[in-house]
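Residues per chain are reported as follows:
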Amino acid sequence: MPDMSASVSLAVTHLVPLAKEVDKNKVTPGVLGFIVFAVMALAVWGLMKSMSKHMQKVDFKESPDAEAEPAEKTDSTAQRG
């Protein structure tokens, strides 16, 4: 294990001077950030298209409740007898 921590500390010491050379006002997300954003945008577009397709299949008109009518008829027949 001590070998791993030594290699990590060596890597960090090499990265510290590189971090000081970067101009903090010019840091951008870069190509990787653009690719991640583009993939997320395509996924959202695909989900919205799929949702639109599914919503067109939905019938928003409410049909009369078929179970309520027989229940009322049975109640009226029970009151007669």
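Residues numbered from 1 in each chain as written. Predicted model: local features only at pLDDT ≥ 70, side-chain atom pairs only at ≥ 80, totals over all residues. Heavy atoms only, no water.

Draft legend 1. Just the overall build of the protein, in detail. Broken down by element type, the protein carries 3 helices and 0 strands. The order of helices and strands in the protein, counted from the N terminus, is α-α-α. Looking at the 81 residues of the protein, the share that counts as buried comes to 0%. Carbon and sulfur atoms provide 67% of the accessible area of the protein, an area that totals close to 8,100 Å². (Helix = DSSP H or I, 4+ residues; strand = E, 2+ residues; numbered from the N terminus. Buried < 20%, exposed > 50% of the residue type's maximum accessible area, 1.4 Å probe, protein only. Areas by Shrake-Rupley, 256 points an atom, 1.4 Å probe, with all protein chains shown as cover.)

Draft legend 2. A nonpolar patch on the surface, seen in detail. Residues Val44, Met48, Met51, Met55, Val58 and Phe60 make up a contiguous nonpolar surface patch of roughly 620 Å² in combined accessible area. Inspection of the secondary structure puts methionine 51 in helix H2 (residues 30-57). Overall, the relative accessible area of 45% leaves methionine 51 in the partly exposed class. (Patch = residues over 30% accessible without salt bridge, like charges linked within 9 Å, V, L, I, M, F, W, Y side chains within 5 Å. Salt bridge = Lys/Arg side-chain N within 4 Å of Asp/Glu carboxyl O.)

Draft legend 3. Inspection of the confidence of the model for the protein at higher detail. Taken over all residues, the pLDDT of the protein has a mean of 75, while the share at 70 or more is 53%. In the model of the protein, helix H3 (residues 68-80) stands out as the element of lowest mean pLDDT, 57, in contrast to H2, which has the highest, 95. (pLDDT = per-residue confidence, 0-100.)

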